[in-house]
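Here's the letter readout for the chains.
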Amino acid sequence: MAIRETLEKLITFRTVTGKNDEIARAYEYVKEELRGLPLFIQEYNFDGVPSLVITTREGQKNPKVW
């Protein structure tokens, strides 16, 4: 998918505070888009709020970009 279409899709997700189900849907979309790339995806959940950390090396603790 081209970058424009990807960005247009991403902004359709209502990823605002309290919409944890929607955040999780957006993350599933991101993970699917990145499938097959040489990336490592770590998933976290804190008090019901999902988050992702995507790095180029497994177990990377200090990536240059957050």
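Residues numbered from 1 in each chain as written. Predicted model: local features only at pLDDT ≥ 70, side-chain atom pairs only at ≥ 80, totals over all residues. Heavy atoms only, no water.

Colleague: Where do I start with the packing of aromatic side chains in this structure?
Modeller: Aromatic rings considered in pairs are described by the distance between their centres and by the relative angle of their planes. Inspection of the entire model under this criterion finds 1 aromatic pair. An angle of 45° between the planes, with centres 5.8 Å apart, marks the rings of Phe 13 and Tyr 29 as tilted. Remark: Tyr 29 occurs in helix H2 (residues 20–34) and Phe 13 occurs in the loop between helix H1 (3–10) and H2; sequence separation between them is 16 residues. Judged by its relative accessible area of 7%, Phe 13 falls in the buried class. Residue classification places Tyr 29 among the buried positions, given a relative accessible area of 13%. (Phe/Tyr/Trp six-rings, centres within 6.5 Å; stacked < 30°, edge-to-face > 60°. Helix = DSSP H or I, 4+ residues; strand = E, 2+ residues; numbered from the N terminus. Buried < 20%, exposed > 50% of the residue type's maximum accessible area, 1.4 Å probe, protein only.)

Colleague: What's the story with the packing of H1 against H2 in this structure? I'm lost.
Modeller: Packed helices, taken two at a time, are described by their axes: the angle between them and the distance between them. Here H1 crosses H2 at 160°, and the two axes come no closer than 11 Å. Between H1 and H2, the angle falls in the class roughly antiparallel. Note that H1 runs across H2; the crossing there is right-handed. Across the interface between the two elements, Thr 6, Lys 9 and Leu 10 of H1 pack against Tyr 29, Val 30 and Glu 33 of H2. Here the residues of the contact of H1 with H2 are counted per class, giving 3 nonpolar, 1 polar and 2 charged. (Axes fitted to C-alpha atoms, helices over the stretch in contact; angles between N-to-C directions. Parallel < 35°, antiparallel > 145°, perpendicular 65-115°, else oblique. Left-handed = near helix turned anticlockwise from the far one by under 90°. Contact = heavy atoms within 4.5 Å. Nonpolar A, V, L, I, M, F, W, Y, C, P; charged D, E, K, R; others polar.)

Colleague: How should I be thinking about the pairing of strand S1 (residues 40–46) in this particular structure?
Modeller: Successive residues of a regular strand alternate their side chains across the two faces of the sheet. Strand direction decides the pairing type here: S1 and strand S2 (residues 49–55), joined by 7 bridges, are antiparallel. Within the sheet, the bridge partner assigned to Ile 41 lies in S2 and is Ile 54. Hairpin geometry of S1 and S2 is characterised by an intervening segment of 2 residues between the two adjacent antiparallel strands and by a positive phi of about 55° at Asp 47. (Pairing = 2+ DSSP bridges.)

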